[in-house]
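Now for the letters of each chain:
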Amino acid sequence: MQHNIPVTHSALPELKEYVAEIEGLWESHRLTNMGVKHKLLQKKLCEYLSVSHIELLTNGHMALELAMQAMKLQEGGEVITTPFTFSSTIHAIVRNRLKPVFCDINREDYTINTAKIEDLVNEKTCAIVPVHVYGNVCNLEEIEKISQKYKLKVIYDAAHAFGVKYKGKGIGEFGDASCFSFHATKVYHTIEGGAVCYRNEKFGKQIYNLKNFGIQGPEEVECVGANAKMDEFRASMGLCNLRHIDEQIRKRKELVERYYEYLGNVPGIQVNIKQKDVKSNYGYFPVLFDKEKFGYDRDEIFERLKEYGIYTRKYFYPIASEYACYKKEYDSLMTPIAREVSQKVLVLPLYTDLSLDDVEQICELILNKPKE
Ligand SMILES: *Cc1c(COP(=O)(O)O)cnc(C)c1O
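For clarity, every value in this text was computed on a predicted model and none was experimentally measured. (Residues numbered from 1 in each chain as written. Predicted model: local features only at pLDDT ≥ 70, side-chain atom pairs only at ≥ 80, totals over all residues. Heavy atoms only, no water.)

## Description of unusual backbone geometry
Then, in step 1: The omega torsion across Tyr315 and Phe316 is 15°, close enough to zero to call that bond cis.
Then, in step 2: On the secondary structure map, Phe316 appears in the loop between α10 (298-307) and α11 (336-344).
Then, in step 3: Pro318 follows Tyr317 through a cis peptide bond whose omega is -5°.
Then, in step 4: Its identity is not glycine, yet Ser50 carries a phi of approximately 50°, on the positive side.
Then, in step 5: In this fold, Ser50 is placed in the loop between α3 (36-49) and β1 (53-57).
Then, in step 6: Backbone geometry places Tyr282, a non-glycine residue, at a positive phi of 50°.
Then, in step 7: Taking relative accessible area as the criterion, Tyr282 reaches 19% and is therefore assigned buried. (Helix = DSSP H or I, 4+ residues; strand = E, 2+ residues; numbered from the N terminus. Buried < 20%, exposed > 50% of the residue type's maximum accessible area, 1.4 Å probe, protein only.)

Here's what the structure looks like:
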């Protein structure tokens, strides 16, 4: 192997494109607080994501945290989610003084198993926080039904689902709110950044207040807010990256198709599902290894690839109920599928400037153990 291959590699516009975008800031000296770049990006993202409203924020975690806070959920209330997610989802619940209740996931698409949600509902349950894991869309219809039946709020963690559509509709249009991450490692980024999409304008005003100290005017502070604004430099990066996103997703698709060609029909390897009615963003290529059928387990493949300078990610491993900060309160055996998937899954390298040759080399190494 000639070069190291990381698991992800942030896309950047040409330097001169970014410089042209930020040049005006040297004249206006308006560097943050919902300036022209912020306003323009807000408008363009609303269009691109096909959503009715969006609030831009400093990162995806604050999107989750503030979305839950803006719902004004009863302190100590229970929130049904899954342990197969990034730590942020669970921390956002706990930092709102709410209690995460873990539901198991589907073995096929790794999202919440909606058939198991109702068993977990009780009088303390106030919300569901499902995650569109790897951009795979949750069972939206079932979640809608359950939330109406029990009057629960639904806040989607859509950090992986930028640009994903379901039956032609933007994924951010579902539930009471959807939270996106624009972190440097995501399909679309603003270096650090995030957003909440929603339909209820009163809720949007709450988010705005929470992201800007509750300040309404120079002499008016309406509520106890935090600071989670997106600044003009990040909004500018977002404007640049948005010009190239369709081309980047097209390239990702090509790479993913190549992965499917090599790994799609191998006994003991489970590749990611292609969902019906879903326009994918090709954000991740997760693979599950079954040692009994394939001959090697996830950790062996992880180590083998590392020896050749190829870096993969055990994502998500461990599950949240096994974190040092949560394991005392939970038993990870209660969500056996999530636990099993986390032990078998490996996310393979995928980014726009990865080459098709790289994908072939990675697959060859997985399929044929080189002789010593
Ligand atoms: C990245 C991510 C977040 C957090 O987003 P940040 O922008 O990094 O704060 C939350 N949930 C999931 C599933 C993520 O992948």
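## As for the packing of α10 against helix α12 (residues 356-367)
Then, in step 1: Relative to each other, α10 and α12 sit at 130°, their axes nearing to 10 Å. By the angle between their directions, the pair α10 and α12 is classed as oblique. The two elements α10 and α12 meet at a crossing, and its hand is right-handed. Contact residues: Ile301, Arg304 and Leu305 in α10; Ile362, Leu365 and Ile366 in α12.
Then, in step 2: Tallied by class, residues from the contact of α10 with α12 come to five nonpolar, no polar and one charged. (Axes fitted to C-alpha atoms, helices over the stretch in contact; angles between N-to-C directions. Parallel < 35°, antiparallel > 145°, perpendicular 65-115°, else oblique. Left-handed = near helix turned anticlockwise from the far one by under 90°. Contact = heavy atoms within 4.5 Å. Nonpolar A, V, L, I, M, F, W, Y, C, P; charged D, E, K, R; others polar.)

## Overview of the nonpolar core
Proteins that are soluble and globular tend to have nonpolar side chains buried together.
Then, in step 1: Ranked by internal contacts, the top residues of the largest apolar core, which has 71 residues, are Leu263, Phe285 and Ile366.
Then, in step 2: Not counting residues within four places of it along the chain, the set of residues in contact with Leu263 comprises Ile269, Val271, Phe285, Val287, Leu348, Cys363, Ile366 and Leu367.
Then, in step 3: Core analysis: the second largest hydrophobic core is formed by 26 residues, Ala70, Leu98, Cys179 and Leu210 among them. (Core = buried A, V, L, I, M, F, W, Y, C linked by side-chain atoms within 4.5 Å.)

## Looking at the packing of helix α4 (residues 60-70) against helix α7 (residues 201-211)
Then, in step 1: One way to put it is that α4 packs onto α7 with a least axis distance of 9 Å and a crossing angle of 125°. By the angle between their directions, the pair α4 and α7 is classed as oblique. Handedness of the α4/α7 crossing: right-handed. Taken together, the residues of α7 that come into contact with α4 (itself represented by Leu66, Ala67, Gln69 and Ala70) are Phe203, Gln206, Ile207, Leu210 and Lys211.
Then, in step 2: Counted by class, the contact of α4 with α7 contains six nonpolar, two polar and one charged residues.

## Side note on the site of the ligand
Then, in step 1: The immediate surroundings of the ligand are formed by 16 residues, with Gly60, His61, Asp157, Ser181 and Lys186 found nearest.
Then, in step 2: Between the ligand and the protein, one listed contact pairs an oxygen atom with a backbone N or O atom of Gly60 at 2.8 Å.
Then, in step 3: Residue His160 places a side-chain N or O atom 2.9 Å away from an oxygen atom belonging to the ligand.
Then, in step 4: For the ligand, whose accessible area on its own is 380 Å², the fraction buried by protein is 92%. (Near = heavy atom within 4 Å. Polar contact = N/O pair within 3.5 Å; in protein donor to acceptor, adjacent residues only side chain to side chain. Areas by Shrake-Rupley, 256 points an atom, 1.4 Å probe, with all protein chains shown as cover.)

## What about helix α8 (residues 232-263)?
Then, in step 1: Of all the bends in α8, the greatest measures close to 50° and is centred on His244.
Then, in step 2: Backbone nitrogen of Phe233 and a side-chain oxygen of the N-cap are separated by 2.8 Å at the start of α8; the cap is Asp231. (Bend = angle between axes of the 7 residues up to and from the residue.)

## Points about the sheet that holds strand β13 (residues 278-279)
Then, in step 1: Strand order in the open sheet made by the three strands is β7-β6-β13, with antiparallel pairing throughout. The sheet is open, and its two edges are formed by β7 (169-170) and β13, each paired on a single side.
Then, in step 2: Both strand β6 (residues 165-166) and β13 contribute to a ladder of two bridges, which runs antiparallel. Looking at the pairing, Lys165 lines up with Lys279 of β13. (Pairing = 2+ DSSP bridges.)

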